Amino acid sequence: MFGHSLLLLGAAGALSFAGPVAPQDPVGQPAPSPMPASVAAPPVAPAFPSGSEVLSVDGEPLGVLAEVETRSGGERILHIRRTDGSMTAAPASVASRGERAVVLEWTRAEFDNSATTDAAAAASPSPIPPRT
């Protein structure tokens, strides 16, 4: 009896020197190892929910986000209903999501200037004639 106990004690001691055991999930499968720091996940674009208030970089209200358009090249465009009811657009690259609103990196003057540029572009004839 004493010999068996000594054998078990020796085996337990040998196992303690074997090193750490990989964590396992409840089913008994090894848990997945964490991603190495050199393999970073792709950046996730912030979600801009429709109906969010849109503010200037100074915190001035500019309008309400009507929709987000994703173009074929992956560029996202924010369509904003201005406080006067007109629509304008801004690239998502100049926007960030705050706690309660979408914040543009533009001042009120820059936002107003972009609306003038949008209107002029819409009014000017297309440089490419339509197909007939």
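Residues numbered from 1 in each chain as written. Predicted model: local features only at pLDDT ≥ 70, side-chain atom pairs only at ≥ 80, totals over all residues. Heavy atoms only, no water.

### Regarding the overall build of the chain
Each helix and strand in the chain was counted, giving two helices and six strands. Going from the N terminus to the C terminus, the chain shows its helices and strands as α-β-β-β-β-β-β-α. Taken across its 132 residues, the chain has 19% of its residues classed as buried. Summarising the internal contacts of the chain: among those between residues at least 6 apart in sequence, 36% fall at separations of at least 24. By element, 62% of the accessible surface of the chain is carried by carbon and sulfur atoms, the whole surface being about 10,000 Å². (Helix = DSSP H or I, 4+ residues; strand = E, 2+ residues; numbered from the N terminus. Buried < 20%, exposed > 50% of the residue type's maximum accessible area, 1.4 Å probe, protein only. Contact = heavy atoms within 4.5 Å. Areas by Shrake-Rupley, 256 points an atom, 1.4 Å probe, with all protein chains shown as cover.)

### Some details on the pattern of salt bridges
Inspection of every chain in the model, using the stated rule, returns five salt bridges. Salt-bridge contacts for R82 lead to D112; the nearest nitrogen and oxygen are separated by 2.8 Å. Note that R82 is positioned in strand β3 (residues 76-82) and D112 in helix α2 (residues 108-123), a separation of 30 residues in sequence. Here D112 ties to R108 by a salt bridge, and the two come within 3.8 Å at their closest N and O atoms. Here D112 and its partner R108 are both found in helix α2, four residues apart, which amounts to about one turn of the helix. Note on D112: relative accessible area 29%, which makes it partly exposed. Bridged by salt links that share partners, the residues E60, R82, R108 and D112 form one connected network. (Salt bridge = Lys/Arg side-chain N within 4 Å of Asp/Glu carboxyl O.)

### So, the pairing of β3
With five of its seven residues buried, β3 lies for the most part within the structure. Examined bridge by bridge, strand β2 (residues 61-70) and β3 share seven bridges and lie antiparallel to one another. For E69, the partnering residue across the bridge sits in β3 and is I77. Following β2, the chain reverses through five residues before pairing antiparallel with β3; G74 in that reversal takes a positive phi of roughly 95 degrees. By the bridge criterion, five bridges tie β3 to strand β4 (residues 87-91) in an arrangement that is antiparallel. (Pairing = 2+ DSSP bridges.)

### Points about the sheet that holds strand β5 (residues 95-97)
Ordered in space as β4-β3-β2-β1-β6-β5, the six strands form an open sheet in which the pairing is mixed. In this open sheet, the two strands that pair with only one neighbour each are β4 and β5. For this sheet, the mean angle separating the axes of adjacent strands, direction not counted, is 40 degrees. Relative to strand β6 (residues 101-104), strand β1 (residues 53-55) runs parallel, the two sharing three bridges. Along β6, the bridge assignment pairs E53 with A101. (Axes fitted to C-alpha atoms, helices over the stretch in contact; angles between N-to-C directions.)

### Considerations on the confidence of the model for the chain
Looking at the chain as a whole, its pLDDT mean stands at 74, while 52% of the residues score no less than 70. In the model of the chain, helix α1 (residues 2-16) stands out as the element of lowest mean pLDDT, 54, in contrast to β1, which has the highest, 96. Within the model, the stretch residues 119-130 combines pLDDT values under 50 with zero contacts to residues more than four positions away or in other chains. (pLDDT = per-residue confidence, 0-100.)

### Examining the nonpolar core
Core analysis: the biggest nonpolar cluster contains 14 residues, and F48, V54, L65, L78, I80, V102 and L104 have the highest contact counts within it. Sorting the residues of this core by element identifies β2, β3 and β6 as the ones contributing at least two each. Excluding its chain neighbours within four sequence positions, the residues that come into contact with F48 are L65, V68, R76, L78, A92, A95, S96, R97 and V102. (Core = buried A, V, L, I, M, F, W, Y, C linked by side-chain atoms within 4.5 Å.)

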